[in-house]
Amino acid sequence: MFPHALDIPQQQKTLCFLYQRVKKFLSFCGCLKHENIVPRRSPAFNRRPRSDESVLTGSFLLVIFATLHYYILMISLGDKKILVMGLGRLGGGVATTKWLLGQGAKVTVTDLKTRKELAPSIKALGSVAQKIRFVLGAHNEEDFRTHEYVVVNPGVPKESPYLKIAKKAGAKVINDAVLFFEFLPKENPIIAITGTRGKTTTTTWIAHLLKTRWPHVRPAGNTPENPLLKELDRLKKYPGTPAVVELSSWQLEYLPETKRAPDVAVITNFYPDHMNR
């Protein structure tokens, strides 16, 4: 799906090789298990290493691991032309745009709403707004032909004629949920909650209960307070901490674009609702 998994330039292969080696070693030591840094018994010496030594080594290598992972993401999206379709007014589009810019992507934001209508969202972008090309009040068909990825807002129907133009031109059409699943380190398990009603309450309670084991757990996802990609950046600091995310049916639409599935999936209920996009 993404270059970091399929087609990284030759000069970057060494970086990926180091990443995989560090990951393998950390797994062997038990440092990437969800119990945090708890060393496993060494089969070679049939003894447990001293806890202070293992924690120090594990902590140091986790820093290396996180740094390598960050630079691989930069390689994946750096200089890619990405079109964000729908900045919106609830915070999700702002978080997505900021995250893409943070990975080095060249971002264009297009929205049918005018600059005046989107003034709060543009203000929320802060200084990074200067790095963005805005097309507001209408969509430009040429933008959908010339960008490598189109990241859609949940309110954009899959049947949009603009998305058909993008797909015909060879662009990948995805959303924030795909980016979250694709780029969240595998060491952070995903607990995904969906359904017609009760998603937010269920997500909040699961996160609350898990805090007794993982103090850095926070509910995220289909909420303006903590959108998916904002949570993605935060979880980089806490390897092994589960991601507890609420996903709407519209966010689920594009998940087949990523090969990763949630480690735990919760479906609250199904009702004929949210049919109006």
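Preceding block: the structure.
Undergrad: What am I meant to see in the nonpolar core here?
TA: Side chains that are nonpolar tend, in soluble globular proteins, to be buried together. Judged by nonpolar contacts, the single largest core of 50 residues is most densely connected at L100, V150, F180 and V245. The residues contacting V245, other than those within four sequence positions of it, are F180, I190, I191, A192, I193, T203, A220 and L228. Counting 7 residues, the second largest nonpolar core, distinct from the first, contains I191, A207, W214 and V244.

Undergrad: Which parts of the structure should I look at to understand the packing of aromatic side chains?
TA: Taken as a whole, this structure holds 3 aromatic pairs when the rule is applied. Their ring planes at 50° and their centres at 5.4 Å tell us that W99 and F183 sit as a pair that is tilted. Residue W99 is located in helix α4 (residues 92–102), and its partner F183 is located in helix α8 (residues 176–183); the two are separated by 84 residues in the primary sequence. As far as burial versus exposure is concerned, W99 and F183 are alike and both buried. Look at F180 and F181: their rings are 6.2 Å apart centre to centre, the planes differ by 70°, and that puts the pair in the edge-to-face class. On the basis of relative accessible area, F180 is assigned to the buried category, the value being 0%. Here F181 falls in the buried class, since its relative accessible area comes to 1%.

About the criteria used
- Residues numbered from 1 in each chain as written.
- Predicted model: local features only at pLDDT ≥ 70, side-chain atom pairs only at ≥ 80, totals over all residues.
- Heavy atoms only, no water.
- Core = buried A, V, L, I, M, F, W, Y, C linked by side-chain atoms within 4.5 Å.
- Buried < 20%, exposed > 50% of the residue type's maximum accessible area, 1.4 Å probe, protein only.
- Contact = heavy atoms within 4.5 Å.
- Phe/Tyr/Trp six-rings, centres within 6.5 Å; stacked < 30°, edge-to-face > 60°.
- Helix = DSSP H or I, 4+ residues; strand = E, 2+ residues; numbered from the N terminus.

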